[in-house]
Amino acid sequence: MVSPMKQDGSLDLDVAARLATYLVDQGNEGLVVNGTTGESSTTTDEEKSQLIEVVLDAVGDRAHIVAGVGTNDTSHTIHLAREAAARGAHGQLVVTPYYNKPPQAGLLAHFRAVADATDLPVMLYDIPGRSGVPIATETLIALAEHPRIVAVKDAKSDFWASTHVMRAADLTWYSGNDGETLPHMAQGAVGVVGVTTHAAPARFAELVAAAAAGDFAAARSVHIDLVPAVDAVMGITQGAMAAKAALVEQGVLSCATVRSPLVEMSDDELTRLRAGLKESGLL
């Protein structure tokens, strides 16, 4: 979930509550707060806690609220995990430590330490394009032995590696790339932790429900319909920028403010975004 902001860049917690309600009403079964799309790299620890509380108050009785707590510092990640647990989050999303490029032994130690720090279930976030380091197949299988490491958000785009992990370990699998939801579900994933899901929540819910029921003809039909929207939200510029802009175009948000170093979309980018949304029937 994006973190709504006022024109001056401060958090708009009232709008965050309304947005959370809208997204759940439209078919999202859970929300990740303080993930990459929530601009977690530029929100403070206190702001992260405020967002967790506001979203829990709004929809925590009917949706799973997962707190993004991952950083490239194990002690800071543990601090955020404990804060998320104290505020009532239902689970935590822990991204691979970025920039410092730890070895696989370091990833094992990091994820296990975070999982040991609270009673919350952990979803690992494997996104080497941002972190610089993939979580190796053998590492994922080893991490699955931890009782609280229960799921993976897979943005690695290595389907054969995913198959090996699914074969060897009991981890709940989510696509971490919007456009890969259908192929991931075809081999056993249960859904998507997405960005375009802001602009097309009901359609993604339809896709996931059809695939989960084994109706891959219906799921493929929705998948094809969503191609222009996914390309527009994920392919033009950074995801949080595009998701906020899409919500403004749809009348859900009134402000697309993001924090520097992100910037609002240019007029040309907005024209392309509108075209993609319209082609997918979302405007």
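Conventions used here
One numbering rule holds for all chains: residues counted from 1, following each sequence as written. Two thresholds apply to this predicted model, a pLDDT of at least 70 for residue-level local features and 80 or more for giving and counting side-chain atom pairs, whereas whole-chain, interface and lining totals are computed over all residues. Calculated side-chain values reflect all of the structure's heavy atoms, with hydrogen atoms and water omitted. UniProt positions are given in the numbering used here, feature names are shortened, and annotations may be inferred rather than shown by experiment. A cavity, in this analysis, means grid points on a 1 Å lattice covering only the protein atoms where a 1.4 Å probe fits yet has no way out; a pocket is instead an open set bounded by protein on both sides within 12 Å along at least five of seven lines, and a residue lines either one if it has an atom within 4 Å of a point. Only DSSP runs of H or I covering at least 4 residues are called helices, and only runs of E covering at least 2 are called strands; the numbering of each starts at the N terminus. Whether a residue is buried, partly exposed or exposed follows from its accessible area with a 1.4 Å probe, protein chains only, as a fraction of its type maximum: under 20%, in between, or over 50%, in that order. In what follows, residue pairs with any heavy atoms lying within 4.5 Å of each other are defined as contacts. A side-chain nitrogen of Lys or Arg and a carboxyl oxygen of Asp or Glu constitute a salt bridge if their distance falls within 4 Å. Comment: axis = line fitted to C-alpha atoms, over the contacting stretch for helices; angle = value between 0 and 180 degrees taken between N-to-C directions. We call two directions roughly parallel when the angle between them is under 35 degrees, roughly antiparallel when it is over 145, roughly perpendicular when it lies between 65 and 115, and oblique otherwise. It is the rotation of the near helix from the far one that decides the hand of a crossing: anticlockwise by less than a right angle makes it left-handed, clockwise makes it right-handed. In this classification, Asp, Glu, Lys and Arg are treated as charged, Ala, Val, Leu, Ile, Met, Phe, Trp, Tyr, Cys and Pro as nonpolar, and every other residue, Gly included, as polar. Following DSSP output, two strands are said to pair if at least two bridges run between them. Handedness of a crossover is defined as follows: with both strands directed away from the viewer, a clockwise route from the first strand across the helix to the second makes it right-handed.

**Structural notes on the UniProt feature "binding site: pyruvate" (unreviewed entry) in the protein chain**
So, step 1. UniProt's entry tags Thr37 and Val193 with the feature "binding site: pyruvate" (unreviewed entry), counted in the numbering of this structure. A maximum C-alpha distance of 10.6 Å places the annotated residues, which cover 157 residues in sequence, within one compact spot. Considering only the residues just annotated, the largest pocket is lined by Thr37 and Val193.
So, step 2. Among the structural elements, Thr37 can be located in the loop between strand E1 (30-33) and helix H2 (45-59).
So, step 3. Here Thr37 falls in the buried class, since its relative accessible area comes to 13%.
So, step 4. Within the secondary structure layout, Val193 lies in the loop between strand E7 (191-192) and helix H9 (201-212).
So, step 5. When residues no more than four places from it in sequence are discounted, the contact partners of Val193 are Val32, Met123, Lys153, Tyr174, Ser175, Gly176 and Asp178.

**Let's talk about the pattern of salt bridges**
So, step 1. Per the stated rule, a full pass over the model turns up twelve salt bridges.
So, step 2. Arg62 is the partner of Asp25 in a salt bridge, and the nearest nitrogen-oxygen pair spans 2.7 Å. Note that Asp25 is positioned in helix H1 (residues 13-25) and Arg62 in the loop between H2 and strand E2 (64-68), a separation of 37 residues in sequence.
So, step 3. With relative accessibility at 43%, the residue Arg62 sits in the partly exposed group.

**Focus: the environment of Ala243**
So, step 1. The topology assignment puts Ala243 in helix H12 (residues 239-249).
So, step 2. Along the backbone, Ala243 and Ala86 are 157 residues apart, and their C-alpha atoms lie at a distance of 29 Å.
So, step 3. Beyond its immediate stretch of four places on either side in the chain, Ala243 contacts Val2, Thr37, Val195, His198 and Val233.

**Section: the packing of H2 against helix H3 (residues 74-87)**
So, step 1. One can describe the packing of H2 onto H3 by two numbers: an axis separation of 10 Å at closest approach and a directional angle of 30°. One way to sum up the angle between H2 and H3 is to call them roughly parallel. In the crossing of H2 with H3, the sense of the turn from one axis to the other is right-handed. On H3, the residues touching Asp45, Glu46, Lys48, Ser49, Ile52, Glu53 and Leu56 of H2 are His76, His79, Leu80, Glu83, Ala84 and Arg87.
So, step 2. Partitioning the contact of H2 with H3 into residue classes produces four nonpolar, three polar and six charged.

**Section: the pairing of strand E3 (residues 91-95)**
So, step 1. Of all five residues in E3, five are buried, a share of seventy percent or more.
So, step 2. Neither face of E3 is open: one carries Gly91, Leu93 and Val95, the other Gln92 and Val94, and all of them are buried.
So, step 3. Looking at chain direction, E2 and E3 are connected through three bridges and run parallel. Counted as the bridge partner of Val66 is Gly91 from E3.
So, step 4. Between the parallel pair E2 and E3, the chain is carried across by H3, and the sense of this crossover is right-handed.
So, step 5. As paired strands, E3 and strand E4 (residues 122-126) are joined by four bridges and run parallel to one another. Paired with Gln92 across the strands is Val122, a residue of E4.
So, step 6. Regarding topology, helix H4 (residues 104-117) serves as the crossover connection from E3 to the parallel E4, and that connection is right-handed.

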